[in-house]
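Overview (structure and organization)
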Amino acid sequence: MISLLHEILNTIRQNKMRTFLTGFAVAWGIFMLIVLLGSGNGLKNGFNSNFGDRLMNVVQVSSWRTSIPYGGFQTGRRINLDDRDIKFTTDEFGNYINFVIGNINLGSKNISYGTEYLSSSMSGVSPNRIIVDGAKIAQGNGRFINELDIREKRKTIVISQRAKEILFKDQPAVGKTVNVSGIIYTVVGVYYMEDRQNVTTSYIPISTAQIIYNRGINLSNLAFTLNENISDKETNDEFMTSYRNRIAQRHQVSPEDDNAIWYWNRFEDYLQMATVSKYINIAVWIIGIFTLLSGIVGVSNIMLITVRERTREFGIRKSIGASPWSILKLVIVESIFITTVFGYIGLVCGVGITEFASQFFEPSSAGRDSFNAFLNPTVDINVAIQATLLLIIAGTVAGFFPALKAVRIKTIEALNNK
Amino acid sequence: MPTIINLKNINKTYYNGAPLHVLKGINLEIYKGEFVSIMGASGSGKSTLLNILGILDNYDTGEYYLNDVLIKNLSETRAAYFRNKLIGFVFQSFNLISFKNAMENVALPLYYQKTGRKTRNKIALEYLDKLGLKEWAYHMPNELSGGQKQRVAIARALISKPQIILADEPTGALDSKTSAEVLDVLKKVNETGMTMIIVTHESGIANQTNKIIRLKDGIIENIEDNSEHNFSSLGFQNIK
């Protein structure tokens, strides 16, 4: 085997141009495939990052004033969602919904601890809000608002990592009390969001918010998550239409009145994005496969020419005692050697450039409104290795058949081949 | 003296379009250590005969014993084995591998005998030295003259210590001075006891050999002893 490799290395050294051309076809095919797949992944990751860890299947319902006269009422009537809408939604649409939460937006509040303070938006929430927002609480950083907080209307607060850093510096925050515009809350947890590090929103129990800030049973909005019965655009549209009608009926507003009650269906956005990224994915794979195919054709072509060119050499080798199998082995191992080495080079270059590019597309941490069009344009290494293996196999097959033909030529005819 | 080659009624027909009966019953015995030339006009079948002797081509009927082994219907692998062990070739067009230097070309038969690289290169250098080409060992074939190339080819034919050397028009591509040199080398090789068969159409070359086999239209016209080297250049001894 070592002897065979020596023989092949010798051949390669003496046929640099041929080796380079074959190698280039291979390296280029792999390189382009990886860059393409990487770009496709970059677009896809960019899309997905805009959802972050937030749930995809959330519908948010908010209310304002009517803009269409309905049921004998003038326009401009204030519509309020309240606790009864939560029960109504659960009772009527329980088949399509995992859970419903109500929220109260309390606007911006001053939170202070000792001499440190910051202005942060505050929400009254239920325990499930942590899932909807995709917030996380690290080990040892307390907990989120829980059912007991709600039931007992406790004055507890969960602040963000950023707020904690401003207020408490390096000190632990959990268990301390903060002053929110004159009302004392106990910090029970510190949360963080992976994709939005500068977020400062603070959460208090919704029941506490309703009492302290005189909201009665009113809500700013309610949100619910769809379950697996809503899986595509059709079921989603159907559900939304019927939900709209029922809520409109309940509040005596026109179902068409987008000003009175309006919806934000994150799942709809998600479906659109998913469709776009699916097509990008398909397009990238088609282009990638054709690129790979052109690499394979390139290798085959060069192997074909190479073997034709070497027919006479094979004749000489056979006349001095080379068996057909040894000739076949010579060609195939050379082919495998070249495709492997250059495939690896293409792989390394491709992965290198995608990794390099991904440095330029760091996830944005500016906040909720920032949008990533391109993120982490890298390729699953397994896909890259599979592509390289495929090309190696192609190179082997490409070398095998012409070599077999060359071997089958009678030695004397091969010798006379000019 | 033991026979090295024994041909019994060898027939060979080519079927390219119209069948062409090239060898029509060749009977021939060549003894160990002989220096033989095969002569004939083009189309007489001399190249076909040499190809059969060299196991480069097969024959239809008859029997061919090489070193007392029947050479018939061999697999390519088996044929390659016998070529490697028993036969050394010297071709008109040298047939050196262009991307290997002189030493590597000479060493190649030993590669197919699974000799290690260092050993075979060392042996190759010894053979090149014997043929006066030591300084040219690391030169590529295209840097060598015709005579040098042919001497490299002879070294390559000798390195596997074969039973016979088959030379197909070994001087056909060389000028007369180099031809004489190459022939001298072949003669010296024969003097070491190596059986040597040369195919040629040049009577000057044939006259240097000890036995001349004359082919005509696929049969052996005559075999004459030429140990006196007084063979007339036209070959019409009966008219002389």
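Quick summary incoming for the structure in this document. These figures come from a predicted structure and were not determined experimentally. (Residues numbered from 1 in each chain as written. Chains lettered and ligands numbered in written order. Predicted model: local features only at pLDDT ≥ 70, side-chain atom pairs only at ≥ 80, totals over all residues.)

1. Examining the interface of chain B and chain A
The test is simple: We call two residues in contact whenever the C-beta atoms placed from their backbones are within 7 Å. The way it works is that DSSP assigns letters per residue, a run of H or I at least four long becomes a helix, a run of E at least two long becomes a strand, and they are numbered from the N terminus. When residue character is reported, Ala, Val, Leu, Ile, Met, Phe, Trp, Tyr, Cys and Pro are called nonpolar, Asp, Glu, Lys and Arg charged, and the others, Gly included, polar.
Taken together, the contact between chain B and chain A spans 20 residues of the former and 22 residues of the latter. Elements with a contribution of two residues or more to the side of chain B that touches chain A: helix H2 (76–86) and helix H3 (102–111) of chain B. The biggest single contributor to the side of chain B that touches chain A is H2(B), with six residues. Taken together, the residues that form the side of chain B that touches chain A break down as ten nonpolar, four polar and six charged.

2. Notes on the sheet that holds strand E10 (residues 219–225) of chain B
Residues and elements named next belong to chain B. Inclusion rule: Strand pairing is assigned whenever DSSP detects at least two bridges linking the two strands. Interaxial angles span 0 to 180 degrees and are taken between N-to-C directions of axes, which are lines fitted to C-alpha atoms, for helices over the stretch in contact.
Taken in spatial order, the six strands of this open sheet run E6-E7-E8-E3-E9-E10, and their pairing is mixed. Each end of this open sheet is capped by a strand with a single partner; those strands are strand E6 (87–90) and E10. Between one strand axis and the next, the sheet turns by 20° as a mean value, whatever way the strands run. Bridge analysis of strand E7 (residues 164–168) against strand E8 (residues 195–199) gives five bridges, and the strand direction is parallel. Across the sheet, leucine 166 pairs through a bridge with isoleucine 197, a residue of E8.

3. Focus: unusual backbone geometry
Residue and element names in this part refer to chain B. With phi around 65°, lysine 114 is a residue other than glycine that occupies positive phi space. Tracing the chain through its elements places lysine 114 in the loop between H3 and helix H4 (117–130). Of note in this structure, aspartate 217 is not a glycine but carries a positive phi near 50°. Among the secondary structure elements, aspartate 217 is positioned in the loop between strand E9 (211–216) and E10.

4. Points about the nonpolar core
Quick reminder of the rule: Buried Ala, Val, Leu, Ile, Met, Phe, Trp, Tyr and Cys residues form a nonpolar core when they are connected through C-beta atoms within 7 Å. The exposure scheme places C-beta atoms from the backbone and then counts, for each residue, the other C-beta atoms within 10 Å of its own, assigning buried at 20 or more, exposed at 12 or fewer, and partly exposed in between.
Val106(B), Leu128(B) and Ile197(B) are the most contacted members of the largest nonpolar core, which totals 115 residues. Here this core gets ten residues from one element, more than from any other, and that element is helix H2 (residues 16–49) of chain A. Non-local contacts of Ile197(B), meaning those with residues more than four positions away in its chain, are made with Ile30(B), Val36(B), Ile38(B), Leu53(B), Ile164(B), Leu166(B) and Ala167(B). In this structure, Tyr185(A), Met193(A), Val199(A) and Ile206(A) belong to the second largest nonpolar core, which totals 51 residues.

5. Some details on the sheet that holds strand E5 (residues 69–70) of chain B
Backbone hydrogen bonds hold the strands of a sheet together, and the pairing may be parallel or antiparallel. Residues and elements named next belong to chain B. Across the sheet, four strands lie side by side as E2-E1-E4-E5; this open sheet has antiparallel pairing. Every interior strand has two partners, whereas the edge strands, strand E2 (20–31) and E5, have only one. Note that strand E1 (residues 3–14) and strand E4 (residues 61–66) share five bridges and pair antiparallel. Of the residues in E4, the one forming a bridge with asparagine 11 is threonine 61.

6. Notes on the packing of H3(B) against H4(B)
Residue and element names in this part refer to chain B. Applicable threshold: The cut-offs work like this: below 35 degrees is roughly parallel, past 145 is roughly antiparallel, 65 to 115 is roughly perpendicular, and the gaps in between are oblique. Helix crossings fall into two classes, left-handed where the near helix is turned counterclockwise from the far one by less than a right angle and right-handed where it is turned clockwise.
Where H3 meets H4, the axes come as close as 8 Å, and the angle between the chain directions of the two elements is 120°. In terms of axis orientation, H3 runs oblique to H4. You can see that H3 and H4 cross each other, and the crossing is right-handed. Here Ala102, Met103, Val106, Ala107, Leu110 and Tyr111 of H3 lie close against H4, whose contacting residues are Arg120, Asn121, Ile123, Ala124, Leu125, Tyr127 and Leu128.

7. A closer look at helix H6 (residues 176–191) of chain B
Residue and element names in this part refer to chain B. Let me state the cut-off plainly: For a helix, the expected span equals 1.5 Å multiplied by the residue count minus one. To be clear, the arc concerns the directions from the helix axis to the C-beta atoms.
Here H6 spans 22 Å end to end across 16 residues, near enough to the 22 Å set by a 1.5 Å rise per residue. All buried positions along H6 are accounted for by Ser179, Val182, Leu183, Val185, Leu186, Val189 and Asn190. Looking straight down H6, one finds that the buried residues subtend no more than 150° of arc, so they occupy a single side. Exposed side chains of H6 directed beyond 90 degrees from the buried face belong to Lys177, Asp184 and Glu191. Along its buried surface, H6 packs onto strand E3 (35–39), helix H5 (146–159), E7, E8 and helix H7 (203–206). A positive backbone phi angle near 110° is found at glycine 193, which sits one or two residues after H6.

8. Considerations on the pairing of E9(B)
A regular strand carries its side chains on alternate faces of the sheet. All names here are of chain B. By the bridge criterion, four bridges tie E3 to E9 in an arrangement that is parallel. Across the sheet, isoleucine 38 pairs through a bridge with isoleucine 213, a residue of E9. Here E9 pairs with E10 via six bridges, running antiparallel. Within E10, the residue paired with lysine 216 across the bridge is isoleucine 219. Hairpin connection between E9 and E10: a loop of two residues separates the two successive antiparallel strands, and aspartate 217 in this loop has a positive phi of roughly 50°.

Purely geometric stuff here, so don't read any function into it on its own.
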